[in-house]
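# Coordinate inspection notes
Read off the chains here:
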Amino acid sequence: MSPLDQLATQLLIGTDRRAPEWPSADGELGRLSTRIQADAAASTETSALRLAGVLAVCSTAGFRPPPTDRPQPPPCPEDARPVAAEPELVTTLGTILDEGPDPLRVLALRQLDAAGYLLPPRLLPRALTLAVQQTDLRPWLPPVVGERGRWLAHLHPEWSPALTLDETPPDPDWWDSGTLDQRCRFLAAQRRRAPAEARERLAQTLGETDARGRTRLLAELETGLSLEDQDVLETCLQDRSKEVRRQACALLARLPDSRYVSRLTERVGACLGQTRKRLRQVPTIEPPAAFEPDWTLDAIEETSPKGEGLGQRAWWLYQLARALPLGWWPDQTGLDPAGCVRWAKSTDWELALLRAWSEALARTPALDWTEAILNRLPVEGLALDPLDLVDRLPAAERETYWLALIERPPRGLSLGLLLTRFTQGLMREGLPGLSVPGARRLLDRLYRQGGAGRLVQDYSLRRALPGFIACLPDALLDEAANGWPRESLDSPAATETQAQILAIVRQRQILNHHLLQTGRSA
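Here the residue index of a chain counts from 1 through its sequence in written order. Where local features are concerned, this predicted model is filtered to residues with pLDDT of at least 70; where side-chain atom pairs are given and counted, the filter is 80 or more; whole-chain, interface and lining totals use all residues. Side-chain measures here rest on the full set of heavy atoms in the structure, leaving out hydrogens and waters.

## Side note on the packing of helix H4 (residues 87-99) against helix H6 (residues 124-133)
- For every element, the axis is a line fit to its C-alpha atoms; helices are fit only across the contacting stretch, and the angle between N-to-C directions ranges from 0 to 180 degrees. Labels follow the DSSP assignment, with helices taken as runs of H or I lasting at least four residues and strands as runs of E lasting at least two, numbered in each case from the N terminus. Here H4 crosses H6 at 25°, and the two axes come no closer than 10 Å. Considered as vectors, H4 and H6 are oriented roughly parallel to each other. H6 is crossed by H4, and the crossing has left-handed handedness. From H4, Gly94, Leu97 and Asp98 reach across to H6, where they touch Arg126, Ala127 and Leu130.
- Gly is put with the polar residues, along with every residue not named as nonpolar or charged; the nonpolar set is Ala, Val, Leu, Ile, Met, Phe, Trp, Tyr, Cys and Pro, and the charged set is Asp, Glu, Lys and Arg. By residue class, the composition of the contact of H4 with H6 is three nonpolar, one polar and two charged. With respect to orientation, any angle under 35 degrees is reported as roughly parallel, any angle over 145 as roughly antiparallel, any angle of 65 to 115 as roughly perpendicular, and every other angle as oblique. Crossing chirality is assigned from the near helix's rotation relative to the far helix, an anticlockwise turn below a right angle marking it left-handed and a clockwise turn marking it right-handed. In what follows, a contact means two residues having at least one pair of non-hydrogen atoms within 4.5 Å.

Right, dumping it as structure tokens:
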């Protein structure tokens, strides 16, 4: 027991019930302790507190780590970049890391990197811990932690994911005796290094794994997917588990030259025709009238699931068409993507076709198809999230659609949710991404057109606003600080949100003062 612990134990009893047994020590500490005890003018309680303070300081200053047989770590390499040291900037960076929101954290890391600075050493543990928890921050952290941050992450493996340093080969025992997560990690690592060996390893053990495990492990073939994988995937088309079959179909659909895609293309091609309409030929489509037995070899289901909105023939058409590359349709119909979407609307099978095209679009994003489907929405019965489609657009085109969605939110999507998704998309790209006119329209929509009542009543909107303010162009910071609707300030919740916004504006101004000028002059 240390002298401080010994004294604390004595004092817990109470000095009025038992006089403390003063701990002894050698050297200067012992002499100082004797003088404290001998002070006749001080009460026992005062002497005890003084001695406790002395022991606490000395135990911290004179701490010696326990001996160990482990070799000393290598010294930290020198950093070429300077460390951000201005007190106001350091304090602001610490507050941003502690309190967020995440878009502001990304902005601060990007500005710090652009100015050529590193995070102060005392903020590195905070930043590394945060990036382990918040994966969206990881792409922006490595440039600003420098050699010291990487050195710390190597010494503390729990921080390695923050810098994507966890690249050591997984333990080979994981494959034979590890958890499912460990087996997936092992297979993914081997897939990156030796895809053929990983494929053979998986093929040999699929029969010994339960359905959940087969589905998870099969998904790892997406890394380095090639035509060499199609034999294993086609075997899985006959798996007894529906989830495994779906996973195999999804992977084979990513291989346009696979036998699977070729077979489905032939079947859908047989459904297409031509008819004359107003002196021109227009394409037609008619799904098969009967289910072909050999379709089951490609995991096509004859009976639709309970609650499925498609009729039987539309269900067959959807399953056949969803694996086809999007480029096949303009080639076969002579229509551009917008024309294909208009043509689908004129048929009895629009819902099946739009669902199939949406799945193909998720595999291979295409601007013309995305815009064509967005312009057709909403479609009754089509459970398609327009936000997912907008996120696939290039930044220049995305803003127009986002403005339209936020100004006229689709049914079931609150303004707060739309705003959150919008800022998350900008954050993934590192910010900024808003033009000044577009951002001013959004700010006006949120502060004025929505009315103070919305700000008071809509929790999701108040929660989303701070992240949005972090994404604003610098030219609109003053408007964000001064344009808050005054009539909402009677609400404590709205007042709290305004205080957050004012704090974010001030933090951004401090970042700009210390970092933007440095970045311009560098």
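Moving on, there is more to tell.
## Describing the side chain of Arg508
- The topology assignment puts Arg508 in helix H27 (residues 492-521).
- Residue classification places Arg508 among the buried residues on the basis of a relative accessible area of 3%.
- Any pair of N or O atoms that falls within 3.5 Å is considered a polar contact. Within protein, one atom must be able to donate a hydrogen and the other to accept it, and sequence-neighbouring residues count only if both atoms are side-chain atoms. A polar atom in the side chain of Arg508 sits 3.3 Å from the backbone oxygen of Ala470.
- If sequence neighbours within four positions are ignored, Arg508 has contacts with Leu104, Leu107, Ile469, Ala470, Cys471, Leu472, Pro473, Asp474 and Leu477. Note on exposure labels: buried denotes an accessible area under 20% of the residue type's maximum, exposed denotes more than 50%, and partly exposed covers the range between, all computed with a 1.4 Å probe on protein chains only.

## Details of the confidence of the model for the chain
- Of all residues in the chain, 95% have pLDDT values of 70 or greater, and the mean over the chain is 86.
- Averaged pLDDT values for the elements of the chain fall to 67 in helix H24 (residues 451-457) and rise to 96 in helix H14 (residues 259-269). Residue-level confidence of the predictor, termed pLDDT, takes values from 0 up to 100.

## Overview of the pairing of strand E1 (residues 272-277)
- By definition, two strands form a pair when at least two bridges between them are found by DSSP. Here E1 runs beside strand E2 (residues 280-285); their pairing, made up of six bridges, is antiparallel. Pairing of Gln274 across the sheet is with Pro283, part of E2.
- Hairpin connection, E1 to E2: the antiparallel pair is bridged by two residues, and Arg278 has positive phi, about 55°.

## Structural notes on helix H3 (residues 44-61)
- Helices are assigned an expected span. That span is 1.5 Å times one less than the residue count. Over its 18 residues, H3 extends 26 Å from the first C-alpha to the last, a length consistent with the 26 Å expected when each residue adds 1.5 Å.
- Packing partners of the buried residues in H3 comprise helix H1 (3-13) and helix H2 (27-38).

## So, the packing of aromatic side chains
- For Phe, Tyr and Trp, rings pair up if their centres lie within 6.5 Å, where Trp contributes its six-membered ring, and each pair is then called stacked (planes under 30 degrees apart), edge-to-face (over 60) or tilted (otherwise). Enumeration according to the criterion identifies nine aromatic pairs in this entry.
- When the ring of Phe291 is compared with that of Trp295, the centres are 5.0 Å apart and the planes differ by 75°; the resulting orientation is edge-to-face. Taken as a pair, Phe291 and Trp295 share a single burial class, namely buried.
- Between Trp402 and Phe422 the ring centres are 5.0 Å apart and the planes differ by 45°, which places this aromatic pair in the tilted class. You can see Trp402 sitting in helix H21 (residues 395-407) and its partner Phe422 sitting in helix H22 (residues 415-428), a full 20 residues away along the chain.
- Judged by its relative accessible area of 3%, Phe422 is buried.
- In this structure an aromatic cluster arises from ring pairing among Trp328, Trp329, Trp357 and Trp369.
- Placement of a positive charge over a ring is assigned whenever Lys NZ or Arg CZ falls within 6 Å of the ring centre and within 35 degrees of the normal to the ring plane. In this structure, Arg183 is placed above the aromatic ring of Trp175, and the distance from its NZ or CZ to the ring centre is 4.2 Å.

## So, the pattern of salt bridges
- Just to be clear on terms, a salt bridge is a Lys or Arg side-chain nitrogen sitting within 4 Å of an Asp or Glu carboxyl oxygen. For the structure on display, the rule yields 26 salt bridges.
- One salt bridge in this structure joins Arg31 and Glu28, with 2.8 Å as the shortest N-O distance. One end of the pair is Arg31 and the other is Glu28, both in helix H2 and three residues apart, which spans about a single turn.
- The class of Arg31 is partly exposed, set by a relative accessible area of 46%.

## A closer look at the packing of helix H17 (residues 337-345) against helix H19 (residues 367-376)
- Packing of H17 against H19 brings their axes to within 8 Å, and their N-to-C directions diverge by 35°. In this structure, the crossing between H17 and H19 has a hand that is right-handed. Contact with H17, carried on its side by Pro337, Ala338, Cys340, Val341 and Lys345, involves Asp368, Trp369, Ala372, Ile373 and Arg376 of H19 and no other residues of that element.
- Broken down by class, the residue content of the contact of H17 with H19 amounts to seven nonpolar, no polar and three charged.

## Brief notes about the environment of Glu292
- With respect to the secondary-structure elements, Glu292 resides in the loop between E2 and helix H15 (312-321).
- Overall, Glu292 belongs to the partly exposed group, its relative accessible area being 38%.
- Sequence spacing of Glu292 and Glu302 is ten residues, and the spatial spacing of their C-alpha atoms is 8.8 Å.

## Let's talk about the state of the cysteines
- Only a pair of cysteine sulfur atoms within 2.5 Å qualifies as a disulfide here. Counted under the stated rule, the structure contains zero disulfides.
- The cysteine Cys236 is free of any disulfide, with Cys249 supplying the nearest cysteine sulfur at 10 Å.

## Some remarks on unusual backbone geometry
- The linkage connecting Gly100 with the following residue, Pro101, adopts the cis geometry, with an omega of 0°.
- For Pro101, the location among the structural elements is in the loop between H4 and helix H5 (102-114).
- In this structure, Pro378 follows Leu377 across a cis peptide bond, with omega equal to 0°.
- With respect to the helices and strands, the residue Pro378 is situated in the loop between H19 and helix H20 (386-391).

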